[in-house]
Amino acid sequence: MLRRQFLLNAAALAGAPFVSKASPFAFAQSADARIEVLVNEPLGTISPNIYGHFTENLSGVVYDGIWVGEDSKVPNVRGIRRELVEEMRKIKPAVVRFPGGCFADSYDWRDGVGPADKRPRRTNFWNGGERPDAPAAHAYDPNRFGTSEFVDFCRLIGAQPYLAANVRSLPAEGFYRWVEYCNSPAGSTTLADERAAAGDKDPFQVRYWGVGNESWGCGGNFTAQQYAVEYRRFTAWVPNYPGVGPLSFVASGPNDDNWEWTRGFLEEIVRKGPNEVRGIYGLALHYYAWNLSRGKTSDWFKGKGEAVKFDDVDWYELLRQGDVMESLITGHWEVMHEFDREHHIKLVVDEWGPWYKPGSELTPADQLEQLPTLRDAVFSGLTLDTFNRHPEKVGMACCAQLINCLNSLYLAHENQFSVTPVGHVFELYAAHQGGESLRTEFSAPEIHYDRDGQPASFWGLRGSASLHDKRLVLTAVNPSAHQGLEAQIVVRGAGVSSGQARILSSTDIHAHNTFEDAHALVPKPAEVKVGSAGVSFRFPAASVTQLTLALA
Ligand code: AHR
């Protein structure tokens, strides 16, 4: 069944012939599309944690992106880039994951604590990919940004830390000692004294702990069954400390549609008894949209597309790849249900975003850095809408990665800084956090395009809605590269007294921000018509919109 679902998606990606669907709604005469929000059909609370971020010690993410140093000419707060802190406060970042990614399974947390001038320099996991002109700190980790600096960063931006433990190359003892360093009360342990001596008397109270990363690959090359045994060993009897509650462990989960990993892992977990699932807070799912080859190859290097130079077909192909997220969430959830009937375990999508070929970096020496455009903003909007529509399944998500990397919200180099279109989407969507997700039906004509001689199609308008007392937040993307849509919005179960909108869009689908032109693409206010006949709104082509409706 699941395999069939996946094959159906794969067929769609391969350009299956288009079959027209009759619209379930009759449009008002002037409208092209209709949105129906069902106030009395709540789906669950949208966890603020799905608006999370990922900061790996990878090339320019930490050194240059986040950490500039106390003595830097770049304005900073205790060494942390001030402009980043100020921008992040606007998006209410709930949680930040650190130190990796693949880096995490090569990291000894002990290297990053204690007096800064005594910390060792180590070869960074990503060393092999660094260019000779990259800063030394990218290839050889100075460990200047360690646990306390990361927690300081989290506190400055108002986020919770989510630390990823090393399962591949440290024993379980290393893990529970890190927990002790972070969480044991002042004066209680030798590690608490070490923490205090480094300036942090009070515990960090870290609740979220990843147990390895991509354990099927860079995190140890385990089978799902081997990893499940490691997971049990690492998490058995990790002490709890006052003020932090039971720790929330996130198991390393599947890549993409690897249902076998999810099944194999959980099969082994419940072999010890059905209650074993209760000790798992989340199962990590990683999904990158990278293959823009239009079905020609599945080669990781050859299949990638360009970040900024693309045509209309590449535009739609990337969005179709992003749309696969929904079937991954529902597919893995179904497998999880086989072992965890009450769904104690949530999905934690702690790496997501598009991944392009190198070549678009604003800072050429930054490995894996790419320049996000309007296409990535639309991709990010539709991904966040997907998470919002599954609040009972997705407990946390982290966009990969925060700064100077893949789907970054920010780009920075020395004293230059810019908010990318993805950053603006996070600012627009922050309004959903903590709201009650509502069932919302979107009806719009499908988009048709020619995919190398084969007809292909994509949906015409989609989004999500959340209720916050008398305020309704509705976000939507119009994925059409060229066609705006006049939509009628019906709120079932409540009246609407007024509305406001902000739109991120451009007539150029390649629009992006640079250090020189940092405000080329920013959200702009737009008119919402609220009348006796209902609400109407125009969604421009290639747009991400946030609508706020005051309910009567
Ligand atoms: O985000 C870059 C890398 O992608 C991460 O380190 C790894 O987990 C994933 O494969």
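Computed from a predicted model, the values in this text were never measured in an experiment.

1. Some details on the packing of aromatic side chains
Enumeration over the complete set of coordinates arrives at 30 aromatic pairs. When the ring of Trp-67 is compared with that of Phe-145, the centres are 6.0 Å apart and the planes differ by 55°; the resulting orientation is tilted. With Trp-67 in the loop between strand E2 (52-54) and strand E3 (76-77) and Phe-145 in the loop between strand E7 (140-141) and helix H4 (147-157), this residue pair connects regions lying 78 residues apart in the sequence. Each member of the pair, Trp-67 as well as Phe-145, is classed as buried.

2. Notes on the environment of Ser-72
Locating Ser-72 in the fold gives a position in the loop between E2 and E3. Accessibility expressed as a relative area gives 23% for Ser-72, which makes it partly exposed. At 2.9 Å, the side chain of Ser-72 forms a polar contact with the backbone nitrogen of Val-74.

3. Digging into the sheet that holds strand E23 (residues 524-526)
Across a sheet, paired strands are connected by hydrogen bonds in the backbone, their directions being either parallel or antiparallel. Pairing in this open sheet of 10 strands is mixed, and the strands run E23-E22-E26-E20-E19-E16-E1-E21-E25-E24 from one edge to the other. The sheet is open, and its two borders are formed by E23 and strand E24 (529-531), each paired with just one other strand. For this sheet the average axis-to-axis angle between neighbouring strands, irrespective of direction, equals 25°. As paired elements, strand E21 (residues 485-492) and strand E25 (residues 534-539) share five bridges and run antiparallel to each other. Paired with Gln-488 across the strands is Ser-536, a residue of E25. Against the sheet, helix H10 (residues 374-388) touches strand E16 (436-443), strand E19 (462-468), strand E20 (471-478), strand E22 (496-505) and strand E26 (543-551), its axis set at about 135° to E20. Against the sheet, helix H11 (residues 421-429) engages E20, E22 and E26, with an angle of about 170° to E22.

4. Notes on the site of the ligand
Close to the ligand lie Phe-54, Glu-56, Gly-101, Cys-102, Trp-126, Asn-213, Glu-214, Tyr-288, Glu-351, Trp-355, Gln-401 and Leu-406. A distance of 2.9 Å separates an oxygen atom of the ligand from a polar backbone atom of Cys-102. Here an oxygen atom of the ligand sits 2.8 Å away from a polar atom, N or O, in the side chain of Tyr-288. Burial of the ligand by the protein amounts to 93% of the accessible area it has alone, namely 280 Å². By residue class, the composition of the shell around the ligand is six nonpolar, three polar and three charged.

5. Quick look at unusual backbone geometry
Along the chain, Gly-100 connects to Gly-101 via a cis peptide bond; the corresponding omega equals 20°. In this chain, Ala-400 is followed by Gln-401 through a cis amide linkage whose omega measures -5°. By secondary structure assignment, the location of Gln-401 is in the loop between strand E13 (394-400) and strand E14 (410-413). Of note, the phi angle at Asp-64 is positive, near 110°, even though the residue is not glycine. Examined against the element boundaries, Asp-64 turns out to sit in the loop between E2 and E3. One non-glycine residue, Asp-256, lies in the positive phi region at around 50°.

6. Digging into the environment of Leu-266
With respect to the helices and strands, the residue Leu-266 is situated in helix H8 (residues 259-270). When its relative accessible area of 1% is taken as the criterion, Leu-266 is described as buried. Taking the C-alpha atoms as reference points, Leu-266 and Glu-56, 210 residues apart in sequence, are found 27 Å from one another.

7. Quick notes on the nonpolar core
Judged by nonpolar contacts, the single largest core of 142 residues is most densely connected at Phe-153, Trp-209, Phe-265, Trp-315, Trp-352, Phe-387 and Tyr-410. Tallying contributions element by element places helix H9 (residues 312-339) first for this core, with 13 residues. Discounting chain neighbours no more than four positions away, the residues touching Tyr-410 are Leu-84, Glu-87, Met-88, Ile-91, Leu-402, Ile-403, Asn-404, Phe-417, Ser-418, Val-419 and Thr-420. Among the nonpolar cores identified, the runner-up in size contains 25 residues, and Val-39, Leu-474, Ala-476 and Val-528 belong to it.

8. Comments concerning the side chain of Asp-314
Considering the arrangement of structural elements, one finds Asp-314 in helix H9. Engagement of the side chain of Asp-314 in a polar contact is seen with the side chain of Arg-294, the distance being 2.9 Å. Dropping the residues within four chain positions of it, Asp-314 is found in contact with Leu-292, Arg-294 and Arg-375.

9. Here's the deal with the state of the cysteines
Each disulfide consists of a covalent bond between the sulfur atoms of two cysteine residues. Applying the stated criterion to the full structure yields one disulfide. In this model Cys-102 forms its disulfide with Cys-218; the gap between the sulfur atoms is 2.2 Å. Here the S-S torsion is close to -85°, and the disulfide linking Cys-102 with Cys-218 is therefore left-handed. In this pair, Cys-102 is assigned in the loop between strand E5 (95-98) and strand E6 (122-123) and Cys-218 in the loop between strand E9 (208-211) and helix H7 (224-235), connecting sequence segments 116 residues apart. Across the pair, exposure class does not vary: Cys-102 and Cys-218 are buried alike. Cys-154 takes part in no disulfide bond, and the closest cysteine sulfur, belonging to Cys-182, lies 11 Å away. Residue classification places Cys-154 among the buried residues on the basis of a relative accessible area of 1%.

10. Let's talk about the sheet that holds E5
Spatially, E2-E5-E8-E9-E10-E11-E12-E13 is the arrangement adopted by the eight strands of the closed barrel, whose pairing is parallel. Strand-to-strand twist of the sheet, defined as the mean angle between neighbouring strand axes without regard to direction, takes the value 25°. Bridging between E2 and E5 involves two bridges; their strand directions are parallel. Across the sheet, the residue bridging to His-53 is Val-96, located in E5.

So, how was this worked out
Residues numbered from 1 in each chain as written. Predicted model: local features only at pLDDT ≥ 70, side-chain atom pairs only at ≥ 80, totals over all residues. Heavy atoms only, no water. Phe/Tyr/Trp six-rings, centres within 6.5 Å; stacked < 30°, edge-to-face > 60°. Helix = DSSP H or I, 4+ residues; strand = E, 2+ residues; numbered from the N terminus. Buried < 20%, exposed > 50% of the residue type's maximum accessible area, 1.4 Å probe, protein only. Polar contact = N/O pair within 3.5 Å; in protein donor to acceptor, adjacent residues only side chain to side chain. Pairing = 2+ DSSP bridges. Axes fitted to C-alpha atoms, helices over the stretch in contact; angles between N-to-C directions. Contact = heavy atoms within 4.5 Å. Near = heavy atom within 4 Å. Areas by Shrake-Rupley, 256 points an atom, 1.4 Å probe, with all protein chains shown as cover. Nonpolar A, V, L, I, M, F, W, Y, C, P; charged D, E, K, R; others polar. Core = buried A, V, L, I, M, F, W, Y, C linked by side-chain atoms within 4.5 Å. Disulfide = S-S within 2.5 Å.

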